[in-house]
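# A closer look at the structure
The residues making up each chain are set out below.
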Amino acid sequence: MSNMLRGQLAFVSGAGGGIGRAVCRALAKEGADLVAADANITTAKETISELSSSDHLPIQIDVSSASSVDDALKKAIGHFSRVPTIVVNAAGITRDNFLLKLPVEDFDKVIDVNLRGTFLVTKACVNSMIEANVSHGGSVVNLASIIGKTGNIGQCNYSASKAGVEAFTRSASMEFGKFGVRVNAVLPGVIETAMIETIPSEVREMFKKRIALGRIGKPEEVADLVLFLASKKSSYINGASIEITGGMR
Ligand SMILES: NC(=O)c1ccc[n+]([C@@H]2O[C@H](COP(=O)([O-])OP(=O)(O)OC[C@H]3O[C@@H](n4cnc5c(N)ncnc54)[C@H](O)[C@@H]3O)[C@@H](O)[C@H]2O)c1
């Protein structure tokens, strides 16, 4: 373990998922304490149980619910007696379908978790940083997607939610600059997690042909970018959307 983030508390949503778990590992390795928040408390606990040192808290959360987000943050602050200064919004879902067949509730659900959830967690955490007078040096990292730029067949809900996360990130960075909080978006291409398990193998092969490096990405590779954006090493990067796709076209 090195100590780039020693003494910092990080709030990671989607911490039981592929990318969220890798992010927790990367941040903890640099000495951060973690609030590992996920709708699935079992996987959040698994994430924590495999980390060695320091104090980490698994917590159940529904990021699309304002009261759930507020409760989770309150519990976290109660446990650690301090507020998170790093926030990673990695909770996300897909409900893929052709637009003309997409049930209205599957449109709403994806927007609620991916976009509204990012707003609710960011709002609660950054307000707590400002109230505690520790906002300077704070960093928010939002998981968007390359699909938010390119669009994708069967993903009108998901692509709109992720384009929304990018626009949200830019606006938030303009409002938070005076508090010393940076906000950036990460735009992964295709990463090996549960989210892409349902992609049929022929579609995977098609994706690979579009990736210059010829392979699907690993959660650890995304986590290294998130770590960089969370740390002081990226102190002048703000309001940015950074692609991590292996060179997808
Ligand atoms: N895997 C990819 O190829 C890829 C590509 C681009 C972007 N992303 C984005 O990266 C993020 C992480 O995805 P992943 O690949 O690790 O997927 P994943 O399915 O492994 O993890 C997502 C996690 O979010 C949690 N979650 C779902 N709804 C929630 C809610 N309402 N409240 C709290 N937690 C909730 C799930 O329980 C799960 O643990 C997502 O925002 C996703 O859209 C992934």
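Read on for a plain summary of the structure. (Residues numbered from 1 in each chain as written. Predicted model: local features only at pLDDT ≥ 70, side-chain atom pairs only at ≥ 80, totals over all residues. Heavy atoms only, no water.)

## Some thoughts on unusual backbone geometry
- Look at S81: it is not a glycine, yet its phi comes out positive at around 55°.
- One can find S81 in the loop between α3 (66-80) and β4 (86-89).
- We classify S81 as exposed; its relative accessible area is 64%.
- Non-glycine residue N133 carries a positive phi angle of around 65°.
- In this structure, N133 sits in the loop between α4 (104-131) and β5 (139-143).
- In this structure N133 comes out as exposed when scored by relative accessible area, which is 70%. (Helix = DSSP H or I, 4+ residues; strand = E, 2+ residues; numbered from the N terminus. Buried < 20%, exposed > 50% of the residue type's maximum accessible area, 1.4 Å probe, protein only.)

## Examining the nonpolar core
- Ranked by size, the top nonpolar core spans 40 residues in total, and within it F11, V35, I61 and V121 carry the most contacts.
- Elements supplying a minimum of two residues to this core: β1 (9-13), β2 (33-38), β3 (56-60), α3, α4 and α6 (156-176).
- No other element matches the eight residues that α4 contributes to this core.
- Not counting the four nearest positions on each side in its chain, F11 is found in contact with V35, A37, I61, L73, P84, I86, V87, V88, V121 and C125.
- Core analysis: the second largest hydrophobic core is formed by 31 residues, A26, A28, A36 and I48 among them. (Core = buried A, V, L, I, M, F, W, Y, C linked by side-chain atoms within 4.5 Å. Contact = heavy atoms within 4.5 Å.)

## Some details on the site of the ligand
- I19, D38, Y158, I191 and T193 are the nearest of the 28 residues found near the ligand.
- Within the side chain of D38, an N or O atom sits 2.6 Å from an oxygen atom of the ligand.
- Every element with two or more residues in the shell around the ligand is listed here: α1 (18-29) and α6. (Near = heavy atom within 4 Å. Polar contact = N/O pair within 3.5 Å; in protein donor to acceptor, adjacent residues only side chain to side chain.)

## Remarks on helix α2 (residues 41-49)
- If you check which residues of α2 are buried, you get T43, A44, T47 and I48. One side of α2 holds all its buried residues, which, seen down the axis, span an arc of 145°.
- Looking at the buried residues of α2, the elements they touch are α1, β2 and β3.
- One side-chain oxygen at the N-terminal end of α2 lies 3.1 Å from the backbone nitrogen of T42; it belongs to N40. (Arc of directions from axis to C-beta.)

## Quick notes on the sheet that holds β1
- The strand order across the open sheet formed by seven strands is β3-β2-β1-β4-β5-β6-β7, and the pairing between neighbours is parallel. At either end of the open sheet lies a strand with only one pairing partner, and these are β3 and β7 (241-244). Each neighbouring strand pair of the sheet contributes to a mean axis angle of 15°, computed without reference to strand direction.
- The pairing of β1 with β4 spans four bridges and is classified as parallel. Each residue of the ladder has a partner; that of S13, found in β4, is N89.
- Where α2 meets the sheet, it contacts β2 and β3, and its direction lies at approximately 170° from that of β3.
- Each of β1, β2 and β3 touches α3; the most contacted strand, β3, lies at about 160° to it. (Pairing = 2+ DSSP bridges. Axes fitted to C-alpha atoms, helices over the stretch in contact; angles between N-to-C directions.)

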